[in-house]
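Architecture and fold: a report
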Amino acid sequence: MATKRYQQKIIVLGDSGVGKTSLLNRYVRQEFSQNYRATIGADFLSKEITVDDRHISLQLWDTAGQERFQSLGMAFYRGADCCLLVYDMTNLKSFQSLANWRDEFLKQSSPNDPATFPFIVLGNKSDLVNERVVSEAMAQQWAKENDLILIEVSAKEGKSVEEGFQEGARKAMKRE
Ligand code: GDP
Ligand code: MG
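Residue positions are given per chain, counting from 1 as you read along its sequence in written order. All chains are assigned letters beginning at A, and all ligands numbers beginning at 1, according to the order in which they are written. A pLDDT threshold of at least 70 governs which residues receive local features in this predicted model, and a stricter bar of 80 or more applies before side-chain atom pairs are shown or counted, although totals over entire chains, interfaces and linings include all residues. Side-chain numbers come from the whole structure's heavy atoms, not from hydrogens or water.

The following threshold applies: UniProt positions are given in the numbering used here, feature names are shortened, and annotations may be inferred rather than shown by experiment.
Looking up the chain in an unreviewed UniProt entry gives the name Ras-related protein Rab-7b, with the organism given as Blepharisma stoltei. The UniProt entry for the chain carries the following text under Sequence similarities (unreviewed entry): "Belongs to the small GTPase superfamily. Rab family."

1. Describing the site of ligand 1
Put simply, the rule is: In these notes, residues near a molecule or strand are those with any non-hydrogen atom within 4 Å of it. Polar contacts, as used here, are pairs of N or O atoms within 3.5 Å; protein pairs need one atom able to donate a hydrogen and one able to accept it. Residues neighboring in sequence count only if both atoms are side-chain atoms. The Shrake-Rupley method, run with a 1.4 Å probe sphere, supplies the accessible areas, and residue values consider only the shown protein chains as cover. A run of DSSP states H or I qualifies as a helix once it reaches four residues; a run of E qualifies as a strand once it reaches two. Both are numbered from the N-terminal end. Polar here means any residue other than Ala, Val, Leu, Ile, Met, Phe, Trp, Tyr, Cys and Pro, which are nonpolar, and Asp, Glu, Lys and Arg, which are charged; Gly is therefore polar.
Neighbouring ligand 1 are 20 residues; G17, K20, T21, S22 and D127 lie closest to it. With respect to ligand 1, the side chain of S22 contributes an N or O atom lying 2.6 Å from an oxygen atom. Burial of ligand 1 by the surrounding chains reaches 90%, relative to a free accessible area of 580 Å². Tallying contributions element by element places helix 1 (residues 20-29) first for the shell around ligand 1, with three residues. Residue composition of the shell around ligand 1, grouped by class: four nonpolar, nine polar and seven charged.

2. Thoughts on a nonpolar patch on the surface
What counts is decided by this rule: Nonpolar side chains (Val, Leu, Ile, Met, Phe, Trp, Tyr) are joined into patches within 5 Å and like charges within 9 Å, using only residues with over 30% relative accessible area and no salt bridge. We count a salt bridge whenever a side-chain nitrogen from Lys or Arg sits within 4 Å of a carboxyl oxygen from Asp or Glu. The cut-offs for exposure are 20% and 50% of the maximum accessible area for each residue type, with area from a 1.4 Å probe on protein chains only; residues under the lower value are buried, those over the upper are exposed, and the others partly exposed.
Nonpolar side chains collect at one region of the surface, where L92, V133 and M138 lie side by side and expose about 230 Å² of accessible area between them. A relative accessible area of 46% means that V133 is categorised as partly exposed.

3. Considering helix 6 (residues 161-175)
Note on helix geometry: an α-helix contains 3.6 residues per turn, so any two residues three or four positions apart are oriented the same way. In plain terms, the rule: Between the first and last residue of a helix there are one fewer steps than residues, each counted as 1.5 Å, and that sum is the expected span.
Along its 15 residues, helix 6 runs 22 Å from first to last C-alpha, staying within 8% of the 21 Å computed at 1.5 Å per residue. Among the residues of helix 6, those classed as buried are V161, G164, F165, Q166, G168, A169, A172 and M173.

And the structure:
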């Protein structure tokens, strides 16, 4: 039985441009910027939350552009409690990359529980309704086949962003 931990490391993966940094900025700072690529400037952002009456200190890890080369280094993956897999619903390729990101995560972090490790899939840019190419039905089917929770979100509008991260923290908590 693992000791109770009140700190969680959550890492955010997905192709470049899907909105990983924007989602973190929305969640942690309630900010969104259309015009420039916001950089976090640190290895991770912190946020204190409460899930089911438990106080948790989240460490949210973002990439700094190295995801283009899929070379994020061991420190990035080490000890992750949850992984958020992000795609852009206006970009089919980013959706097709999800399985690769999941496999890369499992390979690099080699958790004790690969079959049940908590992943949450976030389909970002739900505000761009007219540009959508990944339907919700198609995404949900893939998620179901892989036994993953999928939530459609918008970093721009803030829609369901809180829910997505909260769900990740809840799943990570159950893992202990
Ligand atoms: P990252 O490379 O995955 O970190 O992606 P960024 O967070 O840098 O976002 C890439 C681009 O997509 C930026 O121009 C963002 O402003 C834009 N973007 C991110 N999230 C959203 C969203 O929810 N809606 C819209 N319309 N644009 C978004
Ligand atoms: Mg980024």
